[in-house]
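Structural features, examined
Here's the letter readout for the chains.
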Amino acid sequence: STGDRARATTADYANDVRAAVAWARTRPELDATRVFPLGHSEGGIIAPLVAADDPRLAGIVLMAGGAYPGRRVLEVQNAQAIDRAVA
């Protein structure tokens, strides 16, 4: 996308995926009825957001999605960043 990655949100990334899905559906070499977004890590949150608004998707694929609620993930990531900064 043309967005600012430093300020991008999950909603911005979801819009990028929606644009990619729309593009894929225009490709003559692809079957538009068999589009499956694949989400990895944060994409494991984004793919279901996109699917919730797009009943034409054939499905979604989730890989290595978060195993904890968002707050816990942020706590762990922040603690790791602090540990690395101190070392």
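This text follows the structure it describes.
This write-up is about the structure you can find in this document. (Residues numbered from 1 in each chain as written. Predicted model: local features only at pLDDT ≥ 70, side-chain atom pairs only at ≥ 80, totals over all residues. Heavy atoms only, no water.)

Taken together, the side chains of Phe36, Leu38, Val61 and Met63 present a nonpolar region at the surface, about 350 Å² in accessible area. Tracing the backbone through its elements, the reader meets Met63 in strand E2 (residues 61–63). (Patch = residues over 30% accessible without salt bridge, like charges linked within 9 Å, V, L, I, M, F, W, Y side chains within 5 Å. Areas by Shrake-Rupley, 256 points an atom, 1.4 Å probe, with all protein chains shown as cover. Salt bridge = Lys/Arg side-chain N within 4 Å of Asp/Glu carboxyl O. Helix = DSSP H or I, 4+ residues; strand = E, 2+ residues; numbered from the N terminus.)

So, on to the environment of Val50. When you line up the elements, Val50 lands in helix H2 (residues 43–53). Accessibility expressed as a relative area gives 2% for Val50, which makes it buried. Each C-alpha atom, one on Val50 and one on Asn15, is 8.0 Å from the other, the two residues being 35 residues apart in sequence. The residues touching Val50, leaving out its near neighbours within four places in the chain, are Ala14, Val17, Arg18 and Leu57. (Buried < 20%, exposed > 50% of the residue type's maximum accessible area, 1.4 Å probe, protein only. Contact = heavy atoms within 4.5 Å.)

Turning to the environment of Ala6, a few remarks are in order. Examined against the element boundaries, Ala6 turns out to sit in the segment before helix H1 (10–26). Ala6 sits 23 residues away from Glu29 along the chain, and the two C-alpha atoms are 35 Å apart.

Attention shifts here to the pattern of salt bridges. Applying the stated criterion to the full structure yields 6 salt bridges. Here Asp54 ties to Arg25 by a salt bridge, and the two come within 2.9 Å at their closest N and O atoms. Of this pair, Asp54 sits in the loop between H2 and E2 while Arg25 sits in helix H1, and the two are 29 residues apart along the sequence. When its relative accessible area of 15% is taken as the criterion, Asp54 is described as buried. What makes Arg25 buried here is its relative accessible area of 17%. Across the pair Arg71 and Glu75 runs a salt bridge whose closest N-O atoms are separated by 3.4 Å.

For Ser41, which is not a glycine, the phi torsion comes out positive at approximately 60°. With respect to the helices and strands, Ser41 occurs in the loop between strand E1 (38–40) and H2. Positive phi outside glycine occurs at Ala64, with the angle close to 55°. Mapped onto the fold, Ala64 is located in the loop between E2 and helix H3 (70–86). A residue is classified by how much of its surface remains accessible, and Ala64, at 56% relative accessible area, is exposed.

Nothing here speaks to function; it is geometry throughout.
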